[in-house]
Amino acid sequence: MSTDTLTITDNRTGKSYEIPISDGAIRASDLRQLKLDPQDYGLMSYDPAFTNTASTKSAITYLDGDNGKLLYRGYPIEQLAEHSNFLETAYLVLFGELPTAAQLAAWQHEIITHTMVHENIKHLVDAFRHDAHPMGMFISAVAALSSFHPESSQIFDPEVRLLQIKRLIAKVPTIAAYSYRHIMGFPYNYPDNDLSYAGNFLQMMFKMTEQKYKPDPVLERALDVLFILHADHEQNCSTNTMRAIGSAHADPYVALAGAAAALYGPLHGGANEAVVHMLAKIGSIANIPAFMESVKRGEGKLMGFGHRVYKNFDPRGKIVKQLAYDVFEVTGRNPLIDIAVELERIALEDEYFISRKLYPNVDFYSGIIYQAMNLPTQMFPVLFAIPRTVGWLAQWAELLNDPEQKIARPRQVYTGSPARDYTAIEGRK
Ligand code: ACO
C-alpha cells in the first residue's frame, strides 16, 4: 500500500476508502466517494472562512506562519526590502524571476508610459462629494477603466492580458492621487515620468506650485519599501476575491475593483486606519492598561494584532517598525509611536495575547508612518491597494493559466426548511 494515502473508514457504512495525499493535501472531491447510497451527493468538507482549505496551487508567495517567513518567488521579504525596489519586485512577483538590467529598464519604461488615465476619469472622481472616502473613488475609477479598455475582456490573449497588467500597475497610483486631491480640494497633478514609481506617486499627491517636485529620498524609499512589503500575501481575503471574480472570466479591471472592495474592510486592509483611530482614542500611555482590560473583556479588538496565518510574528511588522523610526528622522516623531510601542510591549507579555498567539501585524506600524508623512487616514487602504495590485494581477494570471481551475463555486450545508407548499396570505399565522 502506498504511504502517501489516507485511509478513511465511514462508520455509517463500515466501508473503508484510500485517498491519495499529494503536496500535503487530499482532494476534497475524493471525499465524495463516501456515500450512504448511490443517490447521495457524497461527503463534503465543511470549512467556513476556508481556514483549512487550499483553493489553488500557487508558485508566487510562500508564507510560513509558525516561523514568520514570507518569500516572494523564493526570495525572503527581508532581502527584497533591503536590496530591491518596488518595480523590480513587481516584475519578480509577476514573472517569477528577478529581471536582468535590460529587462528591468524595459519594464520600468513600459510602466511609466501607462501612468496617465483618460481625462474622463477626472470627471468621474469630480462627481464624488468632497468628503467621499477615497477608497470609494478608487474602487469606482478602477472598475470604470474596464469601459475605457474594452479589449481587456480578451483575458486569454497573453498580449492583451499583459497590456492590462501594465496599465493597472501604472494607473493605480494616478487614481489614488486623484482621490486624495479631490478630498483636499486641490487640482490634480499629472504623472512625472522622470521620477521613480514611489517618487511620482508622492509628486502626484503633494506637488503644489513648484515647477519640479523633488521627493524626499528617505520618504520615497520608505514608501517604496512599504510597497514591496504589501505586494502579495498569497490567498488572503482580497486575493481570494480577485480569483473568485476572475474565475468567472470577468476582465481584470472589474475583478480588481472587487478585490479592492474586500481590502477596504477593517479586518483586512482597513486595519491600519483602525489602528491609528484606536491609538488616538487611547490618547496616552496611562490609558493603555484600562484599554487592554476592555479588549480582554471582548469589548473590542486590539487592531493591528493577530493574523490568520502568522502565529509567531509577522516579518513585515518588524521591517515596518524600523522604517517608522527612519521616517520620523525626516518628518518628526509621531506621538502615537510611543503609545504603539508600549501597547506592543504590554501585549507581548500578557497571557491573553500570548496564549492566542497574537502579534503585531504589518498594519500595526504602517498607519503611524503614513500619518507622519501627512497622509490622511482615509488614504491608508488606498496606499495598500496600490502595491497589492501587483499580487492580485499575478494571482489572476496564474489562475487563468491553471488548467485545474474552474468557476469558483463552493458548496453549502443546507440548514433551512424542507420542501413545503406555498401558503396563501389568509392562511398564515
Ligand atoms: N485583539 C484581541 N483579540 C483577538 C484579536 C485582536 N486583534 N485577534 C484575535 N483575537 C482573539 C479572538 O477573539 C479569539 O479569541 P477566543 O479564542 O477567546 O474567541 C482568538 O484571538 C482567535 O482569533 P480568531 O478571530 O479566530 O482569528 P482569525 O484568524 O479568524 O482572525 C484577524 C484574524 C481577522 C486578523 C484577527 O486577528 C483580527 O481581527 N485582528 C484585528 C484586525 C487586523 O489587525 N487586521 C489586519 C490583518 S493583516 C492584513 O490584512 C494586512
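Just above sits the structure.
An account of the accompanying structure is given in this report. In this text, all values refer to a predicted model and were calculated from it rather than measured experimentally. Every chain's residues receive numbers from 1 upward, in the order its sequence appears when written. Where totals are concerned, whole chains, interfaces and linings use all residues; where local detail is concerned, this predicted model gives features only for residues with pLDDT of at least 70, and gives and counts side-chain atom pairs only at 80 or more. The side-chain numbers reported here are obtained from all heavy atoms of the structure, hydrogens and water having been left aside.

Turning our eyes to something else, we now look at a nonpolar patch on the surface. Surface patches are drawn from residues lacking salt bridges whose relative accessible area is over 30%; two like charges belong together within 9 Å, two nonpolar side chains (Val, Leu, Ile, Met, Phe, Trp, Tyr) within 5 Å. To measure how exposed things are, a 1.4 Å probe is used in the Shrake-Rupley method; for residues, cover is taken only from the protein chains shown. Within this document, salt bridges are pairs made up of a side-chain nitrogen of Lys or Arg and a carboxyl oxygen of Asp or Glu, the two lying within 4 Å of each other. Taken together, Leu6, Ile21 and Ile26 make up a surface patch of nonpolar side chains, about 190 Å² in accessible area. Runs of H or I in DSSP of at least four residues are treated as helices and runs of E of at least two as strands, each being numbered from the N terminus. Along the polypeptide, Ile21 turns up in the loop between strand E2 (15–20) and strand E3 (61–64). Burial classes: relative accessible area under 20% of the type maximum marks a residue as buried, over 50% as exposed, and values in between as partly exposed (1.4 Å probe, protein chains only). Its relative accessible area of 33% is what places Ile21 among the partly exposed residues.

All right, on to the packing of aromatic side chains then. Working definition: rings of Phe, Tyr and Trp (its six-membered ring) pair if their centres are within 6.5 Å, and the pair is stacked with planes under 30 degrees apart, edge-to-face with planes over 60 apart, and tilted otherwise. Following the criterion strictly, the structure yields 15 aromatic pairs and no others. Ring geometry for Tyr178 versus Tyr188: centroids 4.6 Å apart, planes at 35°, classification tilted. Taken together, the residues span a long stretch of sequence, with Tyr178 in helix H6 (residues 158–184) and Tyr188 in the loop between H6 and helix H7 (197–206) at a distance of 10 residues. Across the pair, exposure class does not vary: Tyr178 and Tyr188 are buried alike. Ring plane angle 90° and centroid distance 5.1 Å describe the contact between Phe305 and Phe364, whose orientation is recorded as edge-to-face.

Any two strands are treated as partners once DSSP identifies two or more bridges connecting them. Relative to E2, strand E1 (residues 5–10) runs antiparallel, the two sharing 6 bridges. Note on E2: the bridge partner recorded for Thr7 is Glu18. Counted between consecutive antiparallel strands, the loop separating E1 from E2 contains 4 residues, among which Gly14 sits at a positive phi close to 80°.

Turning our eyes to something else, we now look at the site of the ligand. Taken together, the neighbourhood of the ligand is formed by 20 residues, with Leu302, Gly304, Phe305, Arg308 and Asn361 sitting nearest. By the criterion applied in these results, polar contacts are pairs of N or O atoms within 3.5 Å in which, for protein atoms, one can donate a hydrogen and the other can accept it, and in which residues neighboring in sequence qualify only through two side-chain atoms. Take His268: an N or O atom from its side chain is 3.0 Å from an oxygen atom of the ligand. Asp, Glu, Lys and Arg are counted as charged, while Ala, Val, Leu, Ile, Met, Phe, Trp, Tyr, Cys and Pro are counted as nonpolar; the rest, among them Gly, fall into the polar class. Per-class residue counts for the shell around the ligand are 10 nonpolar, 5 polar and 5 charged. One heavy atom suffices: a residue is near a molecule or strand as soon as one of its heavy atoms comes within 4 Å of it.

Okay, the environment of Ile368 next. As for its position among the elements, Ile368 is in helix H16 (residues 363–372). Taking relative accessible area as the criterion, Ile368 reaches 0% and is therefore assigned buried. The spatial distance from the C-alpha of Ile368 to the C-alpha of Arg333 is 9.7 Å, given a sequence separation of 35 residues. Discounting residues that sit within four places of it in the chain, Ile368 has contacts with Val276, Leu279, Phe328, Asn334, Leu336, Ile337 and Ala340. The contact rule is simple, with two residues in contact once any of their heavy atoms fall within 4.5 Å.

Glancing now at the pattern of salt bridges. Scanning the model with the defined rule gives 19 salt bridges in all. With a shortest N-O distance of 2.9 Å, Lys166 and Glu110 are connected by a salt bridge. Of this pair, Lys166 sits in helix H6 while Glu110 sits in helix H3 (residues 101–112), and the two are 56 residues apart along the sequence. Residue Glu151 pairs with Arg167 through a salt bridge whose shortest N-O separation is 2.8 Å. With Glu151 in the loop between helix H5 (134–148) and H6 and Arg167 in helix H6, this residue pair connects regions lying 16 residues apart in the sequence. Residue Glu151 is classed as partly exposed on the basis of its relative accessible area, which comes to 27%. Residue Arg167 is classed as buried on the basis of its relative accessible area, which comes to 13%. Three or more residues joined by partner-sharing salt bridges are found here, namely Arg27, Lys57 and Glu404.

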